[in-house]
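Structure at a glance
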Amino acid sequence: MGIVMFVIFLLTDLFTVLICKYAYAKRDQYAEGMIMGVHIPAEEVNNEEVQKICRESRKVWNRFHRVNLALGCLVCGLCFYGLEVFVLVWMIWLLVYLAVTYYLVILPHRQMYQVKMRNHWVNTGSMHKVCIDTELAAMSGKMVYNWKWHLPAAAMILASGVMLVRSGTWFVQDNTGWILLAAALGITLIFLVFHLWFAGRRNIVYSQNTEVNFAVNQAVKRAWTGGFLAADYLNCISWMFLVVRLWGNHWISGTDYVVYTFLQMMAAGGFLLPVLFIHKKKQRILAQDTEPIYVDDDEYWKNGWYNNPHDSHLMVQDRLCGMNFSFNMAHPASWVIYGATVVLLAGTLLWLGIVLVSFHNAEVVFSLEGTEAQFEAAGYQCSFALEDVEQAELIEQLPEEKFAKINGGATEDYDIGHFRGSKSGKCMMFLRTGYTPILKITLPDKVVFVNSEKDGEVESWYEAIRENAGNRISGGIASILSISNISAA
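First, a word on what this report is: a plain description of the structure on this page. For clarity, every value in this text was computed on a predicted model and none was experimentally measured.

**Observations concerning the side chain of arginine 432**
With respect to the helices and strands, arginine 432 occurs in strand β11 (residues 425-432). No salt bridge is formed by the buried arginine 432. Its closest oppositely charged neighbour is glutamate 453, at 4.1 Å. With sequence-adjacent residues up to four places away left out, arginine 432 is seen in contact with Phe359, His360, Asn361, Ala362, Asp413, Tyr414, Asn451 and Glu453.

Here it is as structure tokens:
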């Protein structure tokens, strides 16, 4: 488990840091009449104040990302120390990294805007100007890939899901299949919606030449819509991989889930790579333009984000990174979305921290009231009537079969929650690794495995079940309960 987690999070960290680094790496280069996202007259690009901001920003930016590439790798090493510690440290590192990244993007932009205003480099003639290319608008349908290419992927996911439901496989019965099927369909729907939204976005007028405008808008829109399609089909492939593995083996192993996760990461790459490469192509096209049009709307971006009360659009393409979209903070819905996101993120992190701590400090508690018994640990409970016990025994180790976690926690230190065994079927586990004996209780609908870190506690639970169940069941407890001939560690 430690090696698997290490590889997954290492790739995630490298991917995140490198994408952020190179997505904003060209801010200090003069393009489309701007540098650091601020319109500057071409003759002032070599101004000492301008170049000083660029030099310092570039130096700090590169150093910051070199440090975080190393930190991202080092943090992943905590996988081998403890999952709870690793996840908490990793979340803190990621949040700090993203917050500082945002600060390092916003700060030089604001500094450059202050230099511009101090030197009165404001093009009043282009302020509040709206450029329209009517001929370009008529060609919008030729710029994007057809959204209907999403439908085959959706059909494959839906058809395979129907087959799983009709087969009645454990994958669906334990809700794991339902959750992953809903995720696959949900991702497809999201990419379809974004595809339609992006295809319907207004075209950006860069030049007085319609051919230039068409070439740039087509390149950008095809990169984005092509990315949506690539990511959609990779998402479909990851789901179909699980279906094929389940059909062939009647089981999905931990390795299969690792491959599934890797394919989903490739889906993210399939979406981002076309968008990353489009920047250079866009600049090559615009560099050949002899009739550029620049609109000085910096006053709406002066804080580093978009705030234009005269624009009814909720989202616009980000000024500082063509891969991003920025909310119009003058739009009331933006604050609602931002507020909900912050609350959701904070609540999720708090919940995850509480869950991880509860698992790390989990202690199995056994209670017996009359003929009702219950095991509880880390918020997971298993209650049953003693008369429903079909068999109970003390065993030295888990049966030699495959177990998959359905809901709960599973690390090298513990297994707590709902599981499924390739032979045992539905299971609940309350286990700490390395402690024996294990109390195995067979119920009509599931099997329960329990152990304890305290010497003799498992045996006392077993005896309590024997004594209380024996008082109710005629013919003696031996008819439904047996004890294996093993030595307790």
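**Concerning the sheet that holds strand β10 (residues 414-421)**
Read across the sheet, six strands follow the order β8-β12-β13-β11-β10-β9 without closing on themselves; strand pairing throughout is mixed. What marks the edges here is a single partner per strand, and that holds for β8 (391-395) and β9 (403-410). In this sheet, neighbouring strand axes are inclined to one another by 20° on average, regardless of whether the strands run parallel or antiparallel. Running at roughly 95° to β10, helix α10 (residues 332-360) makes contact with β9, β10 and β11 of the sheet.

**Comments concerning the environment of lysine 402**
Mapped onto the secondary structure, lysine 402 falls in the loop between β8 and β9. Taking the C-alpha atoms as reference, lysine 402 lies 7.8 Å from lysine 423; in sequence the two are 21 residues apart. Each residue touching lysine 402, except ones within four places of it in the same chain, is listed here: Trp251, Arg420, Gly421 and Ser422.

**Quick look at helix α2 (residues 48-76)**
For α2, spanning 29 residues, the distance from its first C-alpha to its last is 42 Å, which sits close to the expected 42 Å at 1.5 Å a residue. Burial in α2 covers these residues: Val50, Ile53, Cys54, Ser57, Trp61, Phe64, His65, Asn68, Gly72, Val75 and Cys76. Where α2 begins, one side-chain oxygen reaches toward the backbone nitrogen of glutamate 49, 2.8 Å away; that side chain belongs to asparagine 47.

**Description of a negative patch on the surface**
Taken together, the side chains of Glu369, Glu372, Asp388 and Glu390 define an acidic patch exposed on the protein surface. Positionally, glutamate 390 belongs in the loop between β7 (380-385) and β8.

**Here's the deal with the packing of α2 against helix α3 (residues 83-118)**
Following both chains from N to C, one finds α2 and α3 inclined at 175°, their axes separated by 11 Å at the closest point. The angle between the axes of α2 and α3 places the two elements in the roughly antiparallel class.

**Comments concerning the sheet that holds strand β5 (residues 365-369)**
Note on sheets: strands pair through backbone hydrogen bonds, and any given pair is parallel or antiparallel. One open sheet holds the three strands; their spatial order is β5-β6-β7, and the pairing between them is antiparallel. On the outer flanks of this sheet lie β5 and β7, each paired with one strand and no other. Averaged over neighbouring strand pairs, the angle between their axes works out to 15° when direction is ignored. Looking at chain direction, strand β6 (residues 372-377) and β7 are connected through six bridges and run antiparallel. Looking at β7, one finds that phenylalanine 375 is bridged to cysteine 382.

**Quick notes on the environment of isoleucine 8**
Residue placement: isoleucine 8 occurs in helix α1 (residues 2-23). As for isoleucine 8 and valine 258, which are separated by 250 residues in sequence, their C-alpha atoms are 8.0 Å apart. Each residue touching isoleucine 8, except ones within four places of it in the same chain, is listed here: Val258, Thr261 and Met265.

**Focus: the pairing of β6**
Burial along β6 is one-sided: the residues Ala373, Phe375 and Ala377 are buried and none of Glu372, Gln374 and Glu376 is. By the bridge criterion, five bridges tie β5 to β6 in an arrangement that is antiparallel. Along β6, the bridge assignment pairs valine 365 with glutamate 376. Connecting the antiparallel pair β5 and β6 is a turn made up of two residues, with glycine 370 showing a positive phi of about 65°. Following β6, the chain reverses through two residues before pairing antiparallel with β7; alanine 378 in that reversal takes a positive phi of roughly 55°.

**With respect to the state of the cysteines**
Using the criterion set out here, one finds zero disulfides in the structure. Of all cysteine sulfurs, the one in cysteine 76 lies closest to cysteine 73, which takes part in no disulfide; the gap is 6.6 Å. This cysteine, cysteine 382, is not joined by any disulfide, and cysteine 427 carries the nearest cysteine sulfur, 11 Å off.

**Quick notes on helix α7 (residues 176-199)**
For α7, spanning 24 residues, the distance from its first C-alpha to its last is 35 Å, which sits close to the expected 34 Å at 1.5 Å a residue. Where α7 is concerned, the buried positions are Thr176, Gly177, Leu180, Leu181, Ala184, Thr188, Phe191, Leu192, His195 and Phe198. Tucked into the core, α7 has its buried residues touching α5 (150-167), α6 (170-173), α8 (210-249), α9 (254-287), β4 (325-327) and β9.

**Focus: the pattern of salt bridges**
Overall, the coordinates contain 13 salt bridges when judged by the stated rule. Among the salt bridges present, the one from glutamate 49 reaches arginine 118, with a minimum N-O distance of 2.8 Å. With glutamate 49 in helix α2 and arginine 118 in helix α3, the pair connects residues that are 69 residues apart, well separated along the chain. Arginine 319 is the partner of aspartate 298 in a salt bridge, and the nearest nitrogen-oxygen pair spans 2.8 Å. One end of the pair, aspartate 298, is in the loop between α9 and β3 (315-317); the other, arginine 319, is in the loop between β3 and β4, with 21 residues separating them in the sequence.

So, how was this worked out
Residues numbered from 1 in each chain as written. Predicted model: local features only at pLDDT ≥ 70, side-chain atom pairs only at ≥ 80, totals over all residues. Heavy atoms only, no water. Helix = DSSP H or I, 4+ residues; strand = E, 2+ residues; numbered from the N terminus. Buried < 20%, exposed > 50% of the residue type's maximum accessible area, 1.4 Å probe, protein only. Lys, Arg positive; Asp, Glu negative; His and termini not counted. Salt bridge = Lys/Arg side-chain N within 4 Å of Asp/Glu carboxyl O. Contact = heavy atoms within 4.5 Å. Pairing = 2+ DSSP bridges. Axes fitted to C-alpha atoms, helices over the stretch in contact; angles between N-to-C directions. Expected span 1.5 Å × (residues − 1). Polar contact = N/O pair within 3.5 Å; in protein donor to acceptor, adjacent residues only side chain to side chain. Patch = residues over 30% accessible without salt bridge, like charges linked within 9 Å, V, L, I, M, F, W, Y side chains within 5 Å. Areas by Shrake-Rupley, 256 points an atom, 1.4 Å probe, with all protein chains shown as cover. Charge placed at Lys NZ, Arg CZ, Asp CG, Glu CD. Parallel < 35°, antiparallel > 145°, perpendicular 65-115°, else oblique. Disulfide = S-S within 2.5 Å.

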